[in-house]
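The primary structure of each chain is shown beneath.
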Amino acid sequence: MPHPERAAMVGLIMGSDSDWPVMKAAYDQLLELGLTVEVAVASAHRTPERVQQWAQGAGARGLSVIIAGAGGAAHLPGVVAAWTTLPVIGVPVAASLGGLDALLSIAQMPPGVPVATVAVNGARNAAILAAQILALQDPGLARRLQDLRRRQAESVALRERRLLE
Ligand code: RP5
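Residues numbered from 1 in each chain as written. Predicted model: local features only at pLDDT ≥ 70, side-chain atom pairs only at ≥ 80, totals over all residues. Heavy atoms only, no water.

- The name given to the chain in an unreviewed UniProt entry is N5-carboxyaminoimidazole ribonucleotide mutase, and the organism recorded there is Geochorda subterranea.
- Annotation of the chain in UniProt includes, under Catalytic activity (unreviewed entry), the sentence "5-carboxyamino-1-(5-phospho-D-ribosyl)imidazole + H(+) = 5-amino-1-(5-phospho-D-ribosyl)imidazole-4-carboxylate".
- As recorded by UniProt, the Sequence similarities (unreviewed entry) comment attached to the chain reads in full: "Belongs to the AIR carboxylase family. Class I subfamily." (UniProt positions renumbered as here; feature names shortened; annotations may be inferred.)

Structure representation (structure tokens):
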């Protein structure tokens, strides 16, 4: 469940509502880990001033990490990174060309303004990476991440056993 009474820790921004089916995996994972999330739709090209305002104010609003997803000429994560020194994790959304255009647009940042780029449609990994950054200062969150890893390992072992059933 979201925690509306607590300030959001993670900013989740996407270029269009059409990115939501991909980006919702990040939202769901963040909530499962007990994190609070601020969700925004803003486009680097269609609403550039809104992106600037959102990113410039992110730290003051209490956000610690930003996840930014976009497809096509996916400049949103890089533009957000240009307006803040908070860590930005970019999610290439497969809106065209299988997401290769978005992957390259997000990963090929100029030296000095990094975006940590995950795989095409890799929104869940973006959430886990954001949580890992926050867990450096949050032992409870670190334990929840360890538990997530343990459950993942158990699930692999379970699937292995099912192969021979
Ligand atoms: C990008 O263009 C968005 O991030 C989206 O992935 C893609 C298509 O946007 P819509 O035309 O569906 O709004 O800016």
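### Things to note about the packing of helix α1 (residues 20-32) against helix α5 (residues 123-135)
Next up, step 1: In the contact formed by α1 and α5, the axes pass within 7 Å of each other and the chain directions differ by 35°. For the element pair α1 and α5, the recorded crossing hand is right-handed. For the pair formed by α1 and α5, the contact residues are Val-22, Met-23, Ala-25, Ala-26, Gln-29 and Leu-30 on the first element and Ala-123, Arg-124, Ala-127, Ile-128 and Ala-130 on the second.
Next up, step 2: Grouping the constituent residues of the contact of α1 with α5 by class yields nine nonpolar, one polar and one charged. (Axes fitted to C-alpha atoms, helices over the stretch in contact; angles between N-to-C directions. Helix = DSSP H or I, 4+ residues; strand = E, 2+ residues; numbered from the N terminus. Left-handed = near helix turned anticlockwise from the far one by under 90°. Contact = heavy atoms within 4.5 Å. Nonpolar A, V, L, I, M, F, W, Y, C, P; charged D, E, K, R; others polar.)

### Focus on the pairing of strand β1 (residues 10-14)
Next up, step 1: Counting buried positions along β1 gives five out of five residues, so the element sits mostly inside the fold.
Next up, step 2: Of the two faces of β1, the one holding Val-10, Leu-12 and Met-14 and the one holding Gly-11 and Ile-13 are both buried throughout.
Next up, step 3: In terms of strand pairing, β1 meets strand β2 (residues 37-41) through five bridges, oriented parallel. If you follow Met-14 over to β2, its bridge partner there is Val-41.
Next up, step 4: Viewed along the sheet, the connection from β1 through α1 into β2 turns out right-handed.
Next up, step 5: Sheet topology note: the β1/strand β3 (residues 65-71) ladder contains five bridges and is parallel. If you follow Met-14 over to β3, its bridge partner there is Gly-69. (Buried < 20%, exposed > 50% of the residue type's maximum accessible area, 1.4 Å probe, protein only. Pairing = 2+ DSSP bridges. Right-handed = clockwise from strand over helix to strand, strands pointing away.)

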